[in-house]
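A look at the structure
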Amino acid sequence: DANAASGMAVDDECKLKFLELKAKRTHRFIIYKIDDKKKMVVVEKVGEPALNYEDFAASLPTNECRYAIFDYDFVTEENCQKSKIFFVAWSPDTARVRSKMIYASSKERFKRELDGIQVELQATDPTEVGFDVIQGRAN
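In this text, all values refer to a predicted model and were calculated from it rather than measured experimentally.

The rules behind each value
- Residues numbered from 1 in each chain as written.
- Predicted model: local features only at pLDDT ≥ 70, side-chain atom pairs only at ≥ 80, totals over all residues.
- Heavy atoms only, no water.
- Helix = DSSP H or I, 4+ residues; strand = E, 2+ residues; numbered from the N terminus.
- Expected span 1.5 Å × (residues − 1).
- Bend = angle between axes of the 7 residues up to and from the residue.
- Pairing = 2+ DSSP bridges.
- Contact = heavy atoms within 4.5 Å.
- Axes fitted to C-alpha atoms, helices over the stretch in contact; angles between N-to-C directions.
- Core = buried A, V, L, I, M, F, W, Y, C linked by side-chain atoms within 4.5 Å.
- Buried < 20%, exposed > 50% of the residue type's maximum accessible area, 1.4 Å probe, protein only.
- Salt bridge = Lys/Arg side-chain N within 4 Å of Asp/Glu carboxyl O.

**A few points about helix 4 (residues 97–113)**
Along its 17 residues, helix 4 runs 25 Å from first to last C-alpha, staying within 8% of the 24 Å computed at 1.5 Å per residue. Maximum bend of helix 4: about 50°, positioned at Lys-107.

In C-alpha cells, the structure reads:
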C-alpha cells in the first residue's frame, strides 16, 4: 500500500556513502535498492573512483528499479576541472509495476536524505541515462 511506501526507512549507510562521495571523492558511484524485507533503502553497490560511466551503467539491473548516484568529472570549455553529482531514478519499463510504484513514491523522501545532489535524471531505458545525456545535463 502506498502509505507504507512513503514511510520507507533509509539505512544510515546510504547517507554515509553519499557524504564520502561528496566530500572525499572516495567513490565514483553508488547504487541503492529498496530492501523489501527490511522496508528500507540500502546500499547495494559502491563503485571505486577508478571506475567510469560504463561501469556505472552496467551496474543498473535490466529489469529492476534502483536509485543511483554518479559523480561526473569533466573539463569545461574554459579548461576548468568540474564535477556534478547526479541522482538517477532508474525505473525500467520491464520492472514490476508494484516495484515502480514503491520507488516512485519513496523517491522524494530518499532524495532529501542526500544533501548535495546537483542534477536529477529519470530513466526507463539505458538511452535515457546515456553518457551523452549526462554530458548534456552537466553544463
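**Some thoughts on the sheet that holds strand 2 (residues 29–35)**
What the 6 strands build is an open sheet, ordered 1-3-2-4-5-6; its pairing is mixed. Every other strand in the sheet has two partners, leaving strand 1 (9–10) and strand 6 (119–123) as the edge strands with one partner each. Two elements, strand 1 and strand 3 (residues 40–47), share 2 bridges in a ladder whose sense is parallel. The residue bridging Val-10 from the neighbouring strand is Val-41, located in strand 3. Against the sheet, helix 5 (residues 131–138) engages strand 4 (66–75), strand 5 (81–90) and strand 6, with an angle of about 65° to strand 4.

**Looking at unusual backbone geometry**
A positive phi angle, close to 55°, is found at Lys-39, a residue other than glycine. The topology assignment puts Lys-39 in the loop between strand 2 and strand 3. The phi torsion at Asn-79 lies on the positive side, around 70°, for a residue other than glycine. Inspection of the secondary structure assignment puts Asn-79 in the loop between strand 4 and strand 5.

**Examining the nonpolar core**
Core analysis: the biggest nonpolar cluster contains 21 residues, and Tyr-32, Val-41, Tyr-67, Ile-69 and Phe-110 have the highest contact counts within it. Of all the elements in the fold, those that place two or more residues in this core are helix 2 (12–24), strand 2, strand 3, strand 4, strand 5 and helix 4. Beyond its immediate stretch of four places on either side in the chain, Tyr-67 contacts Ile-30, Ile-31, Tyr-32, Ile-34, Val-41, Phe-87, Val-88, Ile-102, Tyr-103, Ser-106, Lys-107 and Phe-110. In terms of nonpolar packing, the next biggest core, distinct from the first, is built from 18 residues, Tyr-53, Leu-121, Ala-123 and Ile-134 among them.

**As for the pattern of salt bridges**
Summed over the entire model, instances satisfying the criterion amount to 12 salt bridges. Across the pair Glu-120 and Lys-111 runs a salt bridge, and its minimum N-O distance is 2.4 Å. Given a relative accessible area of 18%, Lys-111 falls into the buried group. Within the structure, one salt-bridge network assembled from shared partners comprises Arg-25, Arg-28, Asp-71 and Asp-73.

**Structural notes on the environment of Glu-48**
Mapped onto the fold, Glu-48 is located in the loop between strand 3 and helix 3 (53–58). Between the C-alpha atom of Glu-48 and that of Arg-28, which follows or precedes it by 20 residues, the distance is 5.4 Å. Residues within four places of Glu-48 in sequence aside, it is in contact with Thr-26 and Arg-28.

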